[in-house]
Amino acid sequence: MRLSHCLFFALCLLPAGWLFAAAPADSQIKSALQDLERYEQQFPASATVNPSSARRTLKLLGLTRQRLDSSSNQQHASWQEADARLKALIARLDAAVNPSSSPPPSAPQPTASQPAATQTTQSIPAAPQMISQYRVRIQKILRDIKSATDTMDQSGVKPFQDPEYVAKLEQAAGRFQASLAKYQNFANDPDVVAASSAFSQFQNMIAFGKQHAAQTLQELGDVQQRLAVLNQQIRQLEKPETPQQPFQEGQLATWLQQLARTRQSAVALSQPLPEIKQKAYLPNNRFTVEQGSPYDFNDVDRLERSLVEFVRDIDTELEQFGIGLQNAVGHIEEGLRFFESFDPLDPNHQIKHFLGEGEADELRQRLAQFRRDAQEIAEYAKLINDPAYPQRLELVALGQATEERFESDFRKALAAVRMPKPASKDSKLIDIARQTLANYDYIGTIERLIINADKVRSSKETSEAQYDKIDVSLSGDITLTGTKTTYFYEWDQFQVATAEPVGDRYFIFYNTLKYYVSGASSTPLDKWILSARIQGSQIPKENIRKD
């Protein structure tokens, strides 16, 4: 901001306690009168007004006019006084800027008893004349003051927060004052008056800049310390980890609350940065903060951008998370539809979905997770005021209904299961089966045993090759040399279904028994062995004896 355009230029120059003909009715009138007092001292009635200074001051008087017009006590004597003085000063400065637009005041006409201009009560001594080399010097001083004033004006008020900058200006003011002191004998000379007026403006601008800087620093505090703390706080900002399915109870609500607090913290940290950028003097440095330089404007801009990007990333993550939840809803709906196809009276469905070892428990866990996910998604929709919240509640209800139907179908399947129908009642084979199974420690108490596949004779032939030499020709052909052994297997087999306890439940096991009469060297011959064993459906104990 240019120094001459600052709103508070006129408020900081005059000491408090000036006496007026009428006490100001409010702060606006008081400030306007203070402005007028200072400008009237700057432009005394007897002095020649420099047009450049008058033009600059007229701009500032526009602010005084606005301040005075904003008063609600325009009928008060203090307002009337300030208004009259302001209009007179503006008219005088306008005349200096545009001398052709205002006729010079007319000289009084001599009366009949008074001769023309020659009649004076006393003679006025002639002012000392300035020699040419003095005039060249005073004009040079005027140019230097104006140049320094323009430079200061263009730099604005921010640099006054730098003590070194103020010291340089005050040193320049001291040099100008010392130079002007040499022309005290020519105080009424137009060039001296112009230089003195310009110097007064220069001093006033320094005084205002210092006052403005003091007020700004009081408002901002220790900017470097504030920025260091902000930088540290920004580095400590951390977004909570985005939840992934399967969700835990209360996980989405907790995450959303943590994310909201993190976002609020980032927004709060960014609040003072625009004011600091606007008011604080932060000249750009060659080195970085990490290298020991103070924070500059670019550093503040960087901190502000990082916070804006941090908040934008949170908003983007929320948007993407919402899309992910919508996909999760589709996955839950599809999973629940899968359970609708279960038939508790179908033997294949019984073992695959209901009565196989661990099958029902696994499906129960999946259903429970569907319900938890649906509940979490519904609670999330409620927290963000999602219009889809009623549909999310319907999904929770569907999950609960599916769980209830599964438990009902499980009970139906369990009640319907029976031991397989006997394929044979050969007591000899039944004794063989019991004696053979008794040889295996991992087989528990057999509550019931039936032959579900009668005895049959089977055979097969297998070959086994062993190579002890490999030849590769120049053309790439490979020749293998070795021996080939052929085995002939022949055996009897039958299958029995047994009902056995597993923990506190009962299951049907399907046991394949074999009796080899020929085979490989490692084949057990001439005795019954358990060749294969498969665990089937769970069966209630009371159904074991039912056919």
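Source: prediction; values computed, not measured.

J.: Before we go on, may I ask you to explain the overall build of the protein chain in this structure?
T.: Regarding its fold elements, the protein chain presents 14 helices and 4 strands. The burial tally for the protein chain puts 39% of its 547 residues in the buried class. For the protein chain, the exposed surface amounts to about 31,900 Å²; the carbon and sulfur share of it is 50%.

J.: Sorry, what's going on with the pairing of strand β3 (residues 505-518) here?
T.: Walk down a regular strand and you will see the side chains alternate between the two sheet faces. Most of β3 sits out of view: 10 of its 14 residues are buried. Summarising the sheet, β3 and strand β4 (residues 528-538) pair through 8 bridges and their orientation is antiparallel. Bridge pairing links Asn511 to Arg533 in β4.

J.: Teacher, can you tell me more about the packing of aromatic side chains here?
T.: Describing an aromatic ring pair means giving the distance of the ring centres and the angle of the ring planes. Counting across every chain of the model gives 18 aromatic pairs. Judged by centre distance (5.1 Å) and plane angle (85°), the ring pair of Phe338 and Phe342 falls under edge-to-face. Aromatic rings pair up to connect Phe338, Phe339, Phe342, Phe354 and Phe406 into one cluster. The side chain of Arg38 reaches across the aromatic face of Tyr39, ending 3.7 Å from its centre. In this structure, Arg364 is placed above the aromatic ring of Phe410, and the distance from its NZ or CZ to the ring centre is 4.6 Å.

J.: Would you explain the nonpolar core in this entry?
T.: The nonpolar side chains of soluble globular proteins are, as a tendency, buried together. Core analysis: the largest hydrophobic core is formed by 58 residues, its most contacted members being Leu227, Ile377 and Phe406. For this core, the element with the most residues is helix α10 (residues 297-339), which contributes 13 residues. Once residues within four sequence positions are removed from consideration, Phe406 is found in contact with Phe339, Phe342, His353, Phe354, Ala360, Leu363, Arg364 and Leu367. Residues Met152, Ala172, Phe186 and Phe199 belong to the second largest nonpolar core, which totals 25 residues.

J.: What's the story with helix α9 (residues 272-279) in this structure? I'm lost.
T.: An α-helical turn contains 3.6 residues, so a residue and the one three or four places further along point in the same direction. Along α9, the positions that sit buried rather than exposed are Pro272, Leu273, Ile276 and Lys277. Axial view of α9: buried residues confined to an arc of 135°, hence all on one face. Contact partners of the buried residues in α9: α7 (223-236), α8 (251-270) and α10.

J.: It is not clear to me how the pattern of salt bridges should be interpreted in this structure. Could you clarify?
T.: Oppositely charged side chains are able to pair whenever their charged atoms sit close together. Considering all chains together, one arrives at 28 salt bridges under this definition. In this structure, Glu290 engages Arg235 in a salt bridge whose closest nitrogen and oxygen atoms are separated by 3.2 Å. With Glu290 in the loop between α9 and α10 and Arg235 in helix α7, the pair connects residues that are 55 residues apart, well separated along the chain. Given the relative accessible area of 55%, Arg235 is considered exposed. Among the ionic pairs, Arg533 bridges to Glu500, the shortest N-O distance being 2.6 Å. One end of the pair, Arg533, is in strand β4; the other, Glu500, is in strand β2 (residues 478-502), and 33 residues separate them in sequence. When its relative accessible area of 25% is taken as the criterion, Arg533 is described as partly exposed. Overlapping salt bridges, with partners in common, bring together Glu37, Glu40, Glu81 and Arg85 in one network.

J.: Could you clarify how one ought to interpret the environment of Ile432 in this entry?
T.: Position of Ile432 relative to the elements: it lies in helix α14 (residues 427-437). By relative accessible area, which is 16% here, Ile432 ends up buried. When the C-alpha positions of Ile432 and Trp528 are compared, they lie 7.8 Å apart, and in sequence the two are 96 residues distant. Leaving out residues up to four positions away in the same chain, Ile432 has contacts with Phe494 and Trp528.

J.: Can you help me understand the environment of Val49 in this one?
T.: Tracing the backbone through its elements, the reader meets Val49 in the loop between α1 (27-42) and α2 (51-69). In the structure, Val49 is positioned 141 residues away from Pro190 in sequence and 9.0 Å away in space, judged by C-alpha atoms. Not counting residues up to four positions away in its chain, the partners in contact with Val49 are Phe43, Ala54, Arg92, Leu93 and Ala96.

J.: What should I look at first to understand the confidence of the model for the protein chain in this one?
T.: Low-pLDDT portions of the prediction should not be read for the details of their coordinates. Mean pLDDT over the protein chain: 85, with 87% of residues reaching 70 or higher. Low pLDDT (under 50) marks residues 7-20, which in the prediction has 32 contacts with non-local residues, meaning those over four places away or in another chain. For residues 102-125, every residue scores under 50 in pLDDT, and the model assigns this stretch 4 contacts once sequence neighbours within four places are set aside.

J.: Teacher, can you tell me more about unusual backbone geometry here?
T.: Both trends apply: most residues other than glycine have a negative phi, and most peptide bonds are in trans. For the bond from Gln245 to Pro246, the omega torsion is 0°, close enough to zero to count as cis. Examined against the element boundaries, Pro246 turns out to sit in the loop between α7 and α8. In this model, Asn385 sits at a positive phi of 55°, which is unusual for a non-glycine residue. Among the structural elements, Asn385 can be located in the loop between α12 (359-383) and α13 (389-416). Even without glycine at this site, Asp526 takes up a positive phi of about 60°. Position of Asp526 relative to the elements: it lies in the loop between β3 and β4.

J.: Looking at this structure, how should I read the environment of His349?
T.: Along the chain, His349 turns up in helix α11 (residues 347-355). Owing to a relative accessible area of 21%, His349 belongs among the partly exposed residues under this scheme. Distance in space between the C-alpha atoms of His349 and Ala413 is 8.7 Å, their sequence separation being 64 residues. Excluding anything up to four places from it in sequence, His349 contacts Ser341, Phe342, Asp343 and Phe354.

J.: I would appreciate a short explanation of helix α3 (residues 77-97) in the present structure.
T.: The first and last C-alpha atoms of α3 sit 30 Å apart over 21 residues, in line with the 30 Å expected at 1.5 Å per residue. Listed in full, the buried residues belonging to α3 are Ser78, Trp79, Glu81, Ala82, Asp83, Arg85, Leu86, Leu89, Leu93, Ala96 and Val97.

J.: Where do I start with the side chain of Gln42 in this structure?
T.: By secondary structure assignment, the location of Gln42 is in helix α1. The buried category is assigned to Gln42, whose relative accessible area is 7%. Residues in contact with Gln42, not counting those within four places in the same chain, are Thr57, Ser197, Ser200, Gln201 and Asn204.

J.: Honestly, the packing of helix α4 (residues 132-155) against helix α5 (residues 163-181) in this entry has me stumped. Any pointers?
T.: In a pair of packed helices, the angle between the axes and the distance between the axes together describe the arrangement. Between α4 and α5, the shortest axis-to-axis distance is 11 Å and the interhelical angle comes to 160°. Taken together, α4 and α5 sit at an angle that is classed as roughly antiparallel. Taken as a pair, α4 and α5 cross one another with a handedness that is left-handed. From α4, Ile138, Ile141, Asp144, Ile145, Ala148, Met152 and Ser155 reach across to α5, where they touch Tyr165, Leu169, Phe176, Ser179 and Leu180. Along the lines of polarity and charge, the residues of the contact of α4 with α5 split into 9 nonpolar, 2 polar and 1 charged.

Calculation rules
Residues numbered from 1 in each chain as written. Predicted model: local features only at pLDDT ≥ 70, side-chain atom pairs only at ≥ 80, totals over all residues. Heavy atoms only, no water. Helix = DSSP H or I, 4+ residues; strand = E, 2+ residues; numbered from the N terminus. Buried < 20%, exposed > 50% of the residue type's maximum accessible area, 1.4 Å probe, protein only. Areas by Shrake-Rupley, 256 points an atom, 1.4 Å probe, with all protein chains shown as cover. Pairing = 2+ DSSP bridges. Phe/Tyr/Trp six-rings, centres within 6.5 Å; stacked < 30°, edge-to-face > 60°. Lys NZ or Arg CZ within 6 Å of the ring centre and 35° of its normal. Core = buried A, V, L, I, M, F, W, Y, C linked by side-chain atoms within 4.5 Å. Contact = heavy atoms within 4.5 Å. Arc of directions from axis to C-beta. Salt bridge = Lys/Arg side-chain N within 4 Å of Asp/Glu carboxyl O. pLDDT = per-residue confidence, 0-100. Expected span 1.5 Å × (residues − 1). Axes fitted to C-alpha atoms, helices over the stretch in contact; angles between N-to-C directions. Parallel < 35°, antiparallel > 145°, perpendicular 65-115°, else oblique. Left-handed = near helix turned anticlockwise from the far one by under 90°. Nonpolar A, V, L, I, M, F, W, Y, C, P; charged D, E, K, R; others polar.

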